[in-house]
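Structural description and commentary
Residue-level listing of the chains:
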Amino acid sequence: MFNQLLINSIIAGSIYTLIAIGFSLIYSTTKFFHFAHAAVYTSCPYFVYLYVSYLGLPLGSAIPIAVLSSTLLGMLIEISIYRPLRRKGSSPLVLLLSSLGLYIIIQNVISMIFGDDTKTLRSGIVTEGIEIVGARITPIQIAIICVSALLLLFCWVLMKYTKMGTAMRAVASDPELALVSGIDTDRTILFAFMTGSALAGIAAILISFDIDMTPTMGMNALMMGVVAVIIGGVGSIPGAALGGFLLAFAQNFGVWKISSQWQDAIAFIILLVFLLFRPYGFFGKKIRKVEI
Amino acid sequence: MLKVDSLSKRFDGVQAVRDASFNIQQGTVTSLIGPNGAGKTTLFNMICGYIKPDGGTVHFKGKDINASPPYAIAAMGIGRTFQNLRVIKMLTVLDNILLSVPDHQMNGILGPIFKVLRKNSELGCREKALELLDFVGLREKADDLAGSLSYGQQKLLSLACCFALEPSVLLLDEPVAGVNQEMIINILTLIRRLKETGIAVFFIEHNLGAVMEVSDRLIVMDEGSIIADGIPSVVREDPAVVEAYIR
Amino acid sequence: MDYILHILIMVGIYSIVAMSLNLLAGYTGLISVAHAAFYGIGAYTTALLALKVGLPFWINIPAGILVSGAVAFLIAWPSLKTYDDYFVITTFAFQIIIFSIMNNWVSFTGGPLGLPGIPQPTIFGITISSHLFFLSFVVAFGILTYMFLTRLVNSSFGRVLKAIREDEIFTMSMGKDVMKYKVSVFVIGAAIASIGGSLYAYYISFIDPTSFTIMESIFMLSIVIIGGAGSLRGSIVGAALLIFIPEILRFIGMPNSIAANMRQIFYGGLLVFFMMFRPQGLLGEFAFGKSGHKEPKEVRKNA
C-alpha cells in the first residue's frame, strides 16, 4: 500500500511540477496570475484530439503540432492582451481579471466544440500495468515520470546557464534594472510564455493519456501548480519541483486516512497555510517592492 | 518629547539606518538632510510605525511606541507627510481632511451598521476642517476633487491633512520638493506658524536654502548614520558634512 | 409572462449579491472570489431551517446572515493579511474549501444531491407562491439593500473605504485602523450576499452545491466589474445586462446545448473587453489601480 502511494505521489508530483514550472516562469517575469494558463493547458490535448479525429493526422505528428498550437495560443494571449495592458500601466489586478475572462472564453469554446463529456487520448484497453516494488505502474505513467524529469532538468539548465534564462531571472528580480541593462523585457516575457505554455500543454497531454480530459480540467490543474509554486517559492525551478512533490505526497497520503473527496480541500488548506505564514515559499525571493 | 534611541534597520544586506539617536523638543523646527540613500525616509518610517526597527526604541511623550501600529501612532499625535505625495485623488479636498474624524462607531465590527441607522451629523467637524483648509489657503477648493488640484496645492492639502489630527510633532518628508518658489515661501511660512503654535516640526529636505531659512537645528545623515546634529550654521561648516555631499 | 418574471427575480437576487460584493470590491478594492460561498451559506442555512425546523423566513434569513457573517469574520482576519492578487488567491482557496464542505458533508448538507423541497415563505399566513408575489418579495429586499448600502457608502465610513481603496498607507496616517474597516466590509458584504442566497433557496425550492461554485463567484465578480466598481446602481445594471442578454440570445434561437457556453463567453468576453478599454465598467469609478502602487513588503499593518 505504502509503495503504491509512493508511486502515485511521484506520478502526480511529476505532473504538478511541470505545471508549476510553467506557471512560475510566467508569474516571476510578469508578476500577475495568468489564470488563462489553465485554458492553454486544456487546449493541448484537445488540439491532439482535433488533429487526430478531424484531420486524420497520426498521433505521432499530432502531438508535437498540438504542443506547438498551445504554445502559440499562450504567446498570442501575451501579445494581444497582456502586453497592451502592461503598456497602459494596468495593475496586476486588471491583468488577473482579464486573464479570468480569457480562461472563461477559451474553456467554453472548447466545451462548445468538443462537448463536456470526458474523453481520453488513450487508445485500446486499460492495461493493468507492470509491477515494481509491490506497486502497479503503467507505461504511460513511467513516461510521465521520465518526461517530467527530463523537462525539469532542461528548465533548470535553461534558467541557470543560458542567456535567455539569465534574462528571465533578471526580469523576475528587477524589471527596471533589466530594461536599463539592455535586456529586451518584452521578448524575455514572451519566451517565458512560450516555455510555460509548452510545459503546460505537455503535462495536459500526459494526463490525458493516463487518465482523461475534460474542458474544465485546467482550472484544477492550475491551482495545484499555483500551490506548488507558493510552497516552493516563485521563480525557483527546484522550488517548483519541491512544491509539486510535497503537494502530491500530502494529497496521496492524506486521502489514505480521509476520504478522497477532500483532496482539493487539502491542497487549498496547504495553500492558505503557506500564503499566511510563508508567502515566499521555501526558495522564493521577496518580489514586491517597498515604497512608503 | 520625541526621543529616538539607537534605532537601526537592515534591508537586503544593507544597513539602512545605524544607531540613530536624538531628541525632538516642542516648538522647534529640525531638519534632516543627507545624500540620497542615507536612510532618512527609513528613519521616518520607523518612527511612525510603518517599518519595524531591528534595534533601538522610540519614545513619544514618555511612552514606548515601538510596538504600536501606524494608525495608532498617528492618532497619538505624530503627523506625517510622504515623499511621494499621498492624497486621495478620488475624494474631495474637504473629504480628505474629514478622514481624520475619529469613528467612534468603529468600536465593533458591526459599528457601521448602527452608524447608518442613526443619522450622524458631522457639522462640527466640517467647520474645523474648513478652518484647516483656510490655514493652508485651500478653502475655496474644498469641494473639488483632490485630483484636480495642482501639485503644489496637493502638497498644501497633504500638509493640512497631517495636522488634522492635532499632532504635537510633524514629520514632513520633503515638504518643498517639486514646487515653485512662491509655493516654497508659502510652505515655509506655514511651518513657521506651526512652530509658533508649539508643534515640533521635523522635516527631510534636499533644498538647503529652505532648510537654512527655517530650521533651528540640523541633523545630517550619511549611509545610515547621523554624522552631525546641531545649529545649522555650525553644522554646515562641519568637514564631515561637506565631505558627505561632495562624495 | 412567467418567464419574464423569472428573469426579473434572478436579476433582483443577483443585484443584491452584486451590490454586496461591490461594497467589498468596488468601494474598498478587495477583490474576492469567495462570494458564492457566502451566498451558498445563506441558502443552506435558510433551507435547512425551513426544511428541518419549519421556521419562518423572518427567522431563517437573519439566521443565514448571522452564519454567513460569522464564517466571514473567521476567514477575514487571515485572508486580509494578504494583498491585491494574493488576496484573490486566498479567497479562491476559501471558496473551494467551503464548496468542498457543502459537497462532502453529506449528512448535513445532503452533499451533491442537495436539499430538495424547501417550503415557500409565508407572510401573515399567505404563502408566496406566485412569481409576481415573489418578485415583490425580492424587490423589497433589493430596495432595503440598496438604501442601506447607499447610506453606508455615503457616510464617513464609506469615505474611509474609498480612501483605503486608493491609498491604505495614507489612510493609516490619518489615524484609521484599516484592518478593522476591511474586516467590517468583508463581514457586511458576506452577510448581505447571504440574503441573496436565502431568497434563491426559497425561489428555486431546491439547492445543491453546483449553484455555489468558484465559477459562480467569478460571475458575480463580473457583474460588479462590468456594471461598475464603486457604483451600486452599476451593480443593478450589470446584473440586468449579464442576465437579460444571454436570455435574449436563447430566445432568438440559439440551441440549448450551447446556450450555457455562450452565456459564459458573453460575460467572459465583456470582462476582457472592459479590462482592456474601460476597467471602471459602465458606471463605476474604480479602475483597479495602476501598477505603481505596490504594497510594501515590510509594512506592519496588523500589529
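Thresholds applied
- Residues numbered from 1 in each chain as written.
- Chains lettered and ligands numbered in written order.
- Predicted model: local features only at pLDDT ≥ 70, side-chain atom pairs only at ≥ 80, totals over all residues.
- Helix = DSSP H or I, 4+ residues; strand = E, 2+ residues; numbered from the N terminus.
- Rg over C-alpha atoms; globule rule 2.2 N^0.38 Å.
- Buried ≥ 20, exposed ≤ 12 C-beta atoms within 10 Å, placed from the backbone.
- Contact = placed C-beta atoms within 7 Å.
- Pairing = 2+ DSSP bridges.
- Axes fitted to C-alpha atoms, helices over the stretch in contact; angles between N-to-C directions.
- Nonpolar A, V, L, I, M, F, W, Y, C, P; charged D, E, K, R; others polar.
- Core = buried A, V, L, I, M, F, W, Y, C linked by C-beta atoms within 7 Å.
- Parallel < 35°, antiparallel > 145°, perpendicular 65-115°, else oblique.
- Left-handed = near helix turned anticlockwise from the far one by under 90°.

Focus: the overall build of chain C
- The helix and strand tally for chain C stands at twelve helices and two strands.
- Mapped in sequence order, the helices and strands of chain C form the string α-α-α-α-α-β-β-α-α-α-α-α-α-α.
- Here chain C has a C-alpha radius of gyration of 19 Å; the compact-globule value for 303 residues is 19 Å, and the two agree.
- For chain C, the spread of C-alpha atoms along the three principal axes comes to 55 × 45 × 35 Å.
- Residue burial in chain C is summarised as follows: out of 303 residues, 59% are buried.

Considerations on the overall build of chain B
- Each helix and strand in chain B was counted, giving ten helices and ten strands.
- Here the C-alpha atoms of chain B give a radius of gyration of 19 Å, agreeing with the 18 Å that 2.2 N^0.38 yields for 247 residues.

Some details on the environment of Ile195(C)
All names here are of chain C.
- Looking at the element boundaries, Ile 195 is found in helix α9 (residues 178-204).
- In this structure Ile 195 comes out as buried when scored by C-beta crowding, with 26 C-beta atoms within 10 Å.
- Distance in space between the C-alpha atoms of Ile 195 and Arg 165 is 25 Å, their sequence separation being 30 residues.
- Not counting chain neighbours up to four residues away, the residues in contact with Ile 195 comprise Ile 16, Gly 42, Ile 61, Ile 65, Phe 141 and Thr 145.

Points about the sheet that holds strand β6 (residues 78-80) of chain B
Residue and element names in this part refer to chain B.
- Strand order in the open sheet formed by six strands is β6-β7-β8-β3-β9-β10, and the pairing between neighbours is mixed. Of all the strands in the sheet, the pair left with one neighbour each is β6 and β10 (225-230). Between one strand axis and the next, the sheet turns through 15° on average, direction left out of account.
- Seen against the sheet, helix α10 (residues 239-246) touches β9 (217-222) and β10 and runs at an angle of roughly 130° to β10.

Structural notes on the sheet that holds strand β2 (residues 14-24) of chain B
- Here four strands make up an open sheet; going across it, the order is β2-β1-β4-β5 (chain B) and the pairing antiparallel. Each of the sheet's edge strands pairs with one partner strand only, and the pair in question is β2 and β5 (63-64) of chain B.

A short note on the pairing of strand β4 (residues 55-60) of chain B
Residue and element names in this part refer to chain B.
- Pairing of strand β1 (residues 2-11) with β4 involves five bridges; the strand directions are antiparallel. In the strand pairing of β4, Asp 5 is matched with Thr 57.
- The sheet contact formed by β4 and β5 spans two bridges and is antiparallel. In the sheet register, His 59 faces β5, and the bridge partner there is Asp 64.
- Taking the residues that link successive antiparallel strands as the turn, the β4-β5 hairpin has two residues, and the phi of Lys 61 there is positive, at about 50°.

Brief notes about the pairing of β1(B)
Residues and elements named next belong to chain B.
- Judged from the seven bridges that link them, β1 and β2 form a sheet pairing that is antiparallel. Residue Phe 11 lies in a different strand from β2, and its bridge partner there is Val 14.
- Where β1 folds back onto β2 in an antiparallel hairpin, the turn is made up of two residues, including Asp 12, whose phi is positive at roughly 45°.

Quick word on the environment of Ser222(C)
Residue and element names in this part refer to chain C.
- Looking at where Ser 222 falls in the secondary structure, it is placed in helix α10 (residues 214-227).
- The class of Ser 222 is buried, set by 25 C-beta atoms lying within 10 Å.
- In sequence terms Ser 222 and Val 272 are 50 residues apart; their C-alpha atoms lie 10.0 Å from each other.
- Not counting residues within four places of it along the chain, the set of residues in contact with Ser 222 comprises Leu 242, Tyr 267 and Leu 271.

Let's talk about the interface of chain B and chain C
- Across the contact, 34 residues belong to chain B and 33 residues belong to chain C.
- With four residues, helix α2 (residues 70-76) of chain B is the largest single contributor of residues to the side of chain B that touches chain C.
- Partitioned by chemical class, the residues of the side of chain B that touches chain C number 22 nonpolar, four polar and eight charged.

Re the nonpolar core
- Membership of the largest hydrophobic core comes to 284 residues, with the highest contact counts inside it found for Ile19(A), Ala203(A), Val227(A) and Ala160(B).
- Those residues in contact with Ile19(A) that sit more than four places away from it in its chain are Tyr41(A), Ala200(A), Ala203(A), Ala221(A), Leu222(A), Met224(A) and Gly225(A).

Let's talk about the packing of helix α2 (residues 37-54) of chain A against helix α4 (residues 92-114) of chain A
Residues and elements named next belong to chain A.
- Between α2 and α4, the least distance of the axes is 9 Å, while the angle of their chain directions is 20°. With respect to α4, the element α2 is oriented roughly parallel. Crossing handedness for the pair α2 and α4: left-handed. On the side of α2, the interface is formed by Ala 38, Ala 39, Thr 42, Ser 43, Tyr 46 and Tyr 49, while α4 contributes Leu 102, Tyr 103, Ile 106, Gln 107, Ile 110 and Phe 114.

Some details on the packing of α10(C) against helix α12 (residues 256-277) of chain C
Residues and elements named next belong to chain C.
- The geometry of α10 relative to α12 is characterised by a closest axis approach of 10 Å and an angle of 45° between their N-to-C directions. In this view, α10 runs oblique relative to α12, as classed from their interaxial angle. Read as a crossing pair, α10 and α12 show a hand that is left-handed. Residues Phe 219, Ser 222, Ile 225 and Ile 226 of α10 form the contact with α12, whose own contacting residues are Tyr 267, Leu 270, Leu 271 and Phe 274.
- Here the residues of the contact of α10 with α12 sort into seven nonpolar, one polar and no charged.

Some points on the interface of chain C and chain A
- The partner chain A presents 41 residues to the 39 residues of chain C that form the contact.
- At the level of secondary structure, the elements contributing two or more residues to the side of chain C that touches chain A comprise α4 (84-104), α10 and α12 of chain C.
- Here the element with the most residues in the side of chain C that touches chain A is α4(C); it accounts for eleven residues.
- Looking at side-chain class alone, the side of chain C that touches chain A contains 21 nonpolar, ten polar and eight charged residues.

Some remarks on the environment of Lys52(B)
- In this fold, Lys52(B) is placed in the loop between α1 (40-47) and β4.
- Taking the C-alpha atoms as reference points, Lys52(B) and Ala16(B), 36 residues apart in sequence, are found 13 Å from one another.

Section: unusual backbone geometry
- Backbone geometry places Lys31(A), a non-glycine residue, at a positive phi of 60°.
- Among the structural elements, Lys31(A) can be located in the loop between α1 (2-30) and α2.
- With a phi close to 50°, Lys61(B) is a non-glycine residue in the positive phi region.
- Position of Lys61(B) relative to the elements: it lies in the loop between β4 and β5.
- By the C-beta count within 10 Å, which is 13 here, Lys61(B) ends up partly exposed.

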